[in-house]
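# Observations on chain architecture
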Amino acid sequence: MHTDSLNVVYFDKDTSFDSLFPKRIQGLSERHWTPLEIARKSCEYLSVPNSKVLDIGSGVGKFCITAGFYGPETLFYGVEQRKDLYNIAEGVKNTLDLQNVNFIHKNITELDFGRFDSFYFFNSFYENIKPDLAIDTKIEATAELYSYYTDYVREQLDQRPSGTRLVTYHGSLKQVPTSYKLIDNSYNYALKMWMRE
Ligand SMILES: C[S@@+](CC[C@H](N)C(=O)[O-])C[C@H]1O[C@@H](n2cnc3c(N)ncnc32)[C@H](O)[C@@H]1O
């Protein structure tokens, strides 16, 4: 952890962290952004020194920034399709001056998963099957896209080498390849730690 940092005040509680975001983004936090406690616990499992972790659908960066704060020896990357959310994530990262956190503005299908050692996934495609819960209406949301992205991520994860770590928050078992073994779970099966066999 960056214990000597003045930024520690933002990691005290979710409302403190969320105050770094514009008001509209704060209002989306409870449903769409990873709570601090979950990010911190995920970081304990994912923060292998000198490894690269990808957050698949990073939104405004709450997971990557929190994990990057608690795991300074690990590089955290987030890929996000919405430009406005990517810009906000970049802004908060720069405000907190976290050198081990990076954001990429792309669709997940344009990114080579082979560049990363471990993965975090917070049910990012759900808004395609529940458009009334969507972050906004700027992005097309369809059941076909849900299946397409889910299959794509599952296939990418399946191609990773033995020992690859994965954390899922919410979501369904269908999103995880059968080649991954459940190592641990908490929060009544909402948070799961996996490893590629
Ligand atoms: C539930 S939010 C999670 C945000 C972040 N991982 C966190 O935990 O704070 C899911 C995010 O995934 C993004 N997303 C969904 N489909 C995507 C895709 N195909 N490519 C890139 N980003 C995507 C959405 O725009 C949204 O910001």
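With respect to spatial proximity, 23 residues lie near the ligand, and among them Thr34, Asp55, Gly57, Glu80 and Arg82 are the closest. Its free accessible area being 600 Å², the ligand has 98% of it covered by the protein chains. In terms of residue class, the shell around the ligand is built from nine nonpolar, eight polar and six charged.

Counting 39 residues, the largest nonpolar core has Phe11, Phe17, Ile25, Phe63, Ile65, Leu96 and Tyr120 as its most contacted members. Contributions of two or more residues to this core are made by α4 (36–46), α5 (62–70), α6 (83–96), β3 (101–105), β5 (165–169) and β7 (191–196). When neighbours within four sequence positions are excluded, leucine 96 is seen to be in contact with Asn7, Tyr10, Phe11, Phe17, Leu20 and Ile65. Within the second largest apolar cluster, 22 residues are counted, among which are Ile104, Phe119, Tyr146 and Leu157.

What follows deals with the pairing of strand β4 (residues 118–121). Alternating residues of β4 divide into Ser118 and Tyr120 and Phe119 and Phe121, and every residue in both groups is buried. Relative to β4, strand β1 (residues 52–56) runs parallel, the two sharing three bridges. Each bridged residue has a counterpart across the sheet, and for leucine 54 the counterpart in β4 is phenylalanine 119. Pairing geometry for β4 and β5, over four bridges, is parallel. Across the sheet, serine 118 pairs through a bridge with arginine 165, a residue of β5. The β-α-β motif built from β4, the intervening helix α7 (residues 143–158) and the parallel element β5 has right-handed crossover chirality.

A word on the pattern of salt bridges. This model, assessed by the stated rule, comprises 10 salt bridges. A salt bridge links aspartate 84 to lysine 138; the nearest nitrogen and oxygen atoms lie 3.0 Å apart. Linking aspartate 84 in helix α6 with lysine 138 in the loop between β4 and α7, this pair joins segments that are 54 residues apart in sequence. By relative accessible area, aspartate 84 is classed as partly exposed at 26%. Residue class for lysine 138 comes out exposed when judged on its relative accessible area of 60%. One salt bridge connects aspartate 158 with arginine 196, and the closest N-O pair in it is separated by 3.9 Å. In this pair, aspartate 158 is assigned in helix α7 and arginine 196 in strand β7, connecting sequence segments 38 residues apart. It is possible to trace a salt-bridge network through shared partners that takes in Asp14, Asp18 and Lys62.

The rules behind the values
- Residues numbered from 1 in each chain as written.
- Predicted model: local features only at pLDDT ≥ 70, side-chain atom pairs only at ≥ 80, totals over all residues.
- Heavy atoms only, no water.
- Near = heavy atom within 4 Å.
- Areas by Shrake-Rupley, 256 points an atom, 1.4 Å probe, with all protein chains shown as cover.
- Nonpolar A, V, L, I, M, F, W, Y, C, P; charged D, E, K, R; others polar.
- Core = buried A, V, L, I, M, F, W, Y, C linked by side-chain atoms within 4.5 Å.
- Buried < 20%, exposed > 50% of the residue type's maximum accessible area, 1.4 Å probe, protein only.
- Helix = DSSP H or I, 4+ residues; strand = E, 2+ residues; numbered from the N terminus.
- Contact = heavy atoms within 4.5 Å.
- Pairing = 2+ DSSP bridges.
- Right-handed = clockwise from strand over helix to strand, strands pointing away.
- Salt bridge = Lys/Arg side-chain N within 4 Å of Asp/Glu carboxyl O.

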